[in-house]
Amino acid sequence: MTLLKKILLPLGLFALVAGNVHAQNKELVVGSSATYRPFAYENPAKEIVGYDVDIIKAVAQKAGLQIKIVNTPWTGIFAALNNGDVDLVISGVTINEKRKQSYDFTAPYFEARQLIGVHKDSTAKGLKDLAGKKVGVVTGSTGDDIASLEFGKTSPDIKRFESTPVAISELANSGVDAVIGDNGVIAFRVQEHKQLKTVSDPNFPKEYFGIVVKQGNKALLDKLNTGLAAIKADGTYAKIYKTWFQAEAPALPAQ
Amino acid sequence: MDEVIRVEGLTKNFGQLQVLRGIDCSVSSSEVVCVIGPSGSGKSTFLRCLNGLEEASGGRVLVHGVSVHDNSTDVDALRSEIGMVFQRFNLFPHMTVLDNITLAPTKVRGVPLEQAREQARALLIKVGLLDKIETYPNQLSGGQQQRVAIARALAMQPAIMLFDEPTSALDPEMVGEVLSVMQTLAEEGMTMMVVSHEMGFARRVANRVLFMDEGVLVEEGTPEEIFDRPREERTRRFLSNIL
Amino acid sequence: MEPILWFGWFRADIIAEYGVMFWRGLQMTILVTVICIAQGTALGLAIGLARLAEARHSPARQICRYLLRWPSTVYVSFFRGTPLFVQILLIHFAVLPLFINPADGLLISGETARSLKQNYGAFISGILALTLNSGAYISEIFRAGIQSIDRGQIEASRSLGLSFARTMYHVVLPQAFRRMLPPLGNNAIALLKDSSLISAIGLAELAYTARTVAGAYSRYWEPYLSISLMYWTLTLGLAWAVKRLEARYGRGDTR
């Protein structure tokens, strides 16, 4: 009896403690669509890297969270969040009212604007000049929203693609006259193709990227916001920004 | 009587297997020649070389002086002069009896349809099947199908008719009706070469009988010579097994 | 639009909102399917016959072997051996830009090329890929169908003096056709469903519409269930048509 007690008790205590510790350190799955250079993309070594990746890693470290990043196609990324396949999403997601109805966002981690990519010899100066032309966007992105608002949701002039690289290829082949997307991504892609250039429409509003969690997941949201505030305070955010965009990091609003 | 078919030193190999080892033969106009012999002797292959269904490995086959296997020969034109009747009839199942018979004359010779149909009716009367003119082959008995096949071949008014074991796939009671048609043809003066096991027919109708064994033409002669006074030992042995 | 809820959760209003697009998408799907079935069948017949081409004497013998049998065998192997999705992308982004390009198209260039690409680029690529793909499968159906016809039929026909071409046309193909109807019907149905892949290059057909709606509202049941029902209806219609054909061509066939 005594021997059994000697073995069982420590074992039981260990299991209890280990279980508790394990529960606290549960690995969180991060969904990111890795075709969004420079925010999230796959490098030749098949690792997911980018601005978003560095941000979430820094935030997780400050908040004491274990994370694993999984490449999730943009098309199903919100569905994955809702059914629990991923715990949070960081993928160049613009915070807007429509999305806030269905999901919860952290404070901003990037300031963005929409940008138009066109051929070098295009005379377009802004969104209005694209009327009647073929415009490429990523399905369901902010660019899609803007184009739909301007030209009509069911306009046959809007051509929707699953990812930015495909839309840019279409532009390079003259399949569309312009592509509308987030400035970070469009600028990067355009400089890869010598025959393309960017056009900035001053009417495009300032937008912000946020980390997305399932609606109502306050616990995780608070942890992420804490981490985010921390990296803004101690200069980590500015350092990451400089690494990826070679410029001074803009100040971000708290909400 | 002019020579319709002339065969000189015909050889045929299927890979390593030598099926015909040098056949010399000649068929004159209005002759009826029967080819007999054990299975595997090459009789069918020989027949099929005559209209080019089989390639020759050596030697020549001349039909009306035209070499069958030559590169420059228009084989289709040659075949329209040679009628062939097969063991398994090979009627076209998706066409009526009438269409089976009129297909070749209309498409190959450009005969007007009405004329071809008239001719078809005459041929069906000849083979005794006018009432079946609108039926499909699968509604006919074997003997009836073979008679239609004969009419179909005759529609092209060939100079010579080849028969490849025409009654071997028939039930015994239908053999007679087909042989009777063939006999009528012979009596009308058609040049015919018949590969068959029907010795009675050969004796009654043939002008000449050829006995083949193991790819060689062993003996040939009139039916009386072959059946009553065979010279070769192999011929005797074959006949004693059959008769 | 006011949300219209069916069964308490199905938002029929977002389907109605994109109604025009669904209708256009349905028409496009039907158009693509019909065109590719027709072209694929013609191509399949030609390739199927090419695979069987034989001649007794040179030079026809060599022509048959090297210009007909070998190329057609390679073609069939490639288009059956690579994914249709890859073929679509390859043709749209690599092959077509060689021929239709504003800068240096081998076939068409300049302004014509630009407007052609924009208005019909995805359409042309999609039709081309789908035709080539189904042509390969259909050629195998024809080849097998033709070869299944008893040799005696060909021998009897040739013995009557009918040429190879006439033998095929009057004797072999009519018989083979009835046998080929079931696999041809299956192929047509597969083609209808495969047409959804062309949405990836921006062709506005049914699947594209569903993705647009899903992207705009982050709701998946409504659009995908709707197009599923539409595809199902179309395939049922196609299957019924094939059955009617089978009944019609059944007269007087072999036992």
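No experiment lies behind these values; they were computed from the predicted model shown. (Residues numbered from 1 in each chain as written. Chains lettered and ligands numbered in written order. Predicted model: local features only at pLDDT ≥ 70, side-chain atom pairs only at ≥ 80, totals over all residues. Heavy atoms only, no water.)

Regarding its fold elements, chain A presents nine helices and 13 strands. Counting only C-alpha atoms and orienting by the principal axes, one finds that chain A spans roughly 90 × 35 × 35 Å. Buried residues in chain A amount to 49% of all 255 residues. Within chain A, residue pairs in contact and separated by at least 24 positions form 72% of the contacts whose partners lie at least 6 positions apart. Accessible surface computed for chain A: about 12,200 Å², of which carbon and sulfur atoms make up 57%. Counting 30 positive and 26 negative side-chain charges, chain A places the centres of these two groups 5 Å from one another. (Helix = DSSP H or I, 4+ residues; strand = E, 2+ residues; numbered from the N terminus. Buried < 20%, exposed > 50% of the residue type's maximum accessible area, 1.4 Å probe, protein only. Contact = heavy atoms within 4.5 Å. Areas by Shrake-Rupley, 256 points an atom, 1.4 Å probe, with all protein chains shown as cover. Lys, Arg positive; Asp, Glu negative; His and termini not counted. Charge placed at Lys NZ, Arg CZ, Asp CG, Glu CD.)

Below, the discussion takes up the side chain of Gln-87 of chain C. Within the secondary structure, Gln-87 of chain C is located in helix 4 (residues 84-99). Since its relative accessible area comes to 2%, Gln-87 of chain C is described here as buried.

Moving on, we get to the interface of chain A and chain C. Facing the 26 residues of chain A at the interface are 25 residues of chain C. Between chain A and chain C, a total of about 2,200 Å² is buried, with carbon and sulfur atoms accounting for 47% of that surface. Salt-bridge contacts for Glu-17 of chain C lead to Lys-153 of chain A; the nearest nitrogen and oxygen are separated by 2.5 Å. Put simply, chain A and chain C have 12 residue pairs in polar contact (both at pLDDT 80 or more) between them. When residues in the side of chain A that touches chain C are grouped by element, the largest group, four residues, is from strand 10 (residues 158-161) of chain A. Looking at the side of chain A that touches chain C residue by residue, the class counts come to eight nonpolar, 10 polar and eight charged. (Buried area = accessible area lost by both parts, 1.4 Å probe. Salt bridge = Lys/Arg side-chain N within 4 Å of Asp/Glu carboxyl O. Polar contact = N/O pair within 3.5 Å; in protein donor to acceptor, adjacent residues only side chain to side chain. Nonpolar A, V, L, I, M, F, W, Y, C, P; charged D, E, K, R; others polar.)

In this section: the pairing of strand 10 of chain A. For a regular strand, side-chain orientation follows a simple rule: the groups alternate between the two sheet faces. Residue and element names in this part refer to chain A. Neither face of strand 10 is exposed, since Ile-158 and Arg-160 on one face and Lys-159 and Phe-161 on the opposite face are all buried. Judged from the four bridges that link them, strand 9 (residues 135-138) and strand 10 form a sheet pairing that is parallel. Paired with Gly-136 across the bridge in strand 10 is Lys-159. After leaving strand 9, the chain enters helix 5 (residues 142-151) and then returns to the sheet as strand 10, a path that is right-handed. (Pairing = 2+ DSSP bridges. Right-handed = clockwise from strand over helix to strand, strands pointing away.)

Residue and element names in this part refer to chain A. Within helix 7 (residues 183-190), six of the eight residues are buried, leaving the element largely enclosed by the surrounding structure. Listing the buried residues of helix 7 in full gives Gly-184, Val-185, Ile-186, Phe-188, Arg-189 and Val-190. Where helix 7 is buried, its residues contact strand 2 (35-36), strand 8 (114-119), helix 6 (164-172), strand 11 (178-182), strand 12 (196-199) and helix 9 (236-245).

Before going further, it helps to spend a moment on the arrangement of the chains. Counting contacts across all two pairs of chains that touch, the top-ranked interface belongs to chains B and C. With no contact between them, chain A and chain B keep their nearest C-alpha atoms 50 Å apart.

A word on the interface of chain B and chain C. At the junction of the two partners, chain B supplies 31 residues and chain C supplies 25 residues. Regarding the contact of chain B and chain C, the summed buried area is about 2,500 Å², with carbon and sulfur atoms giving 53% of it. Between the two partners, chain B and chain C, sit two salt bridges. Here Arg-158 of chain C ties to Asp-76 of chain B by a salt bridge, and the two come within 2.8 Å at their closest N and O atoms. No other element matches the four residues that helix 3 (residues 97-108) of chain B contributes to the side of chain B that touches chain C.

This paragraph deals with the packing of aromatic side chains. Evaluation of the coordinates by the stated rule reveals 23 aromatic pairs over all chains. Residues Tyr-75 of chain C and Phe-79 of chain C carry aromatic rings whose centres are separated by 5.1 Å and whose planes lie at 50° to one another, so their mutual orientation is tilted. Taken together, the residues span about one helical turn, with Tyr-75 of chain C and Phe-79 of chain C both in helix 3 (residues 60-81) at a distance of four residues. Sitting above the plane of the Tyr-41 of chain A ring, Arg-37 of chain A keeps its charged end 4.2 Å from the centroid. In this arrangement the basic side chain of Arg-152 of chain B is found over the ring face of Phe-92 of chain B, its NZ or CZ atom lying 4.5 Å from the centre. (Phe/Tyr/Trp six-rings, centres within 6.5 Å; stacked < 30°, edge-to-face > 60°. Lys NZ or Arg CZ within 6 Å of the ring centre and 35° of its normal.)

All names here are of chain A. Segmentation of chain A into domains returns domain 1 (16-111 + 208-245) and domain 2 (114-199). Between domain 1 and domain 2, the C-alpha centre-to-centre distance is 27 Å. On the side of domain 2, 16 residues touch domain 1, which itself brings 15 residues to the contact. Across the interface of domain 1 and domain 2, roughly 1,100 Å² is buried in total on both sides, 45% from carbon and sulfur atoms. Applying the counting rule to domain 1 against domain 2 returns one salt bridge. A salt bridge links Lys-98 to Asp-145; the shortest N-O distance between them is 3.4 Å. Between domain 1 and domain 2 we count six residue pairs in polar contact (both at pLDDT 80 or more) in total. The set of elements that each furnish at least two residues to the side of domain 1 that touches domain 2 consists of strand 2 and helix 4 (97-100). Among the residues forming the side of domain 1 that touches domain 2, the class breakdown is seven nonpolar, five polar and three charged. (Domains from an automatic or database assignment.)

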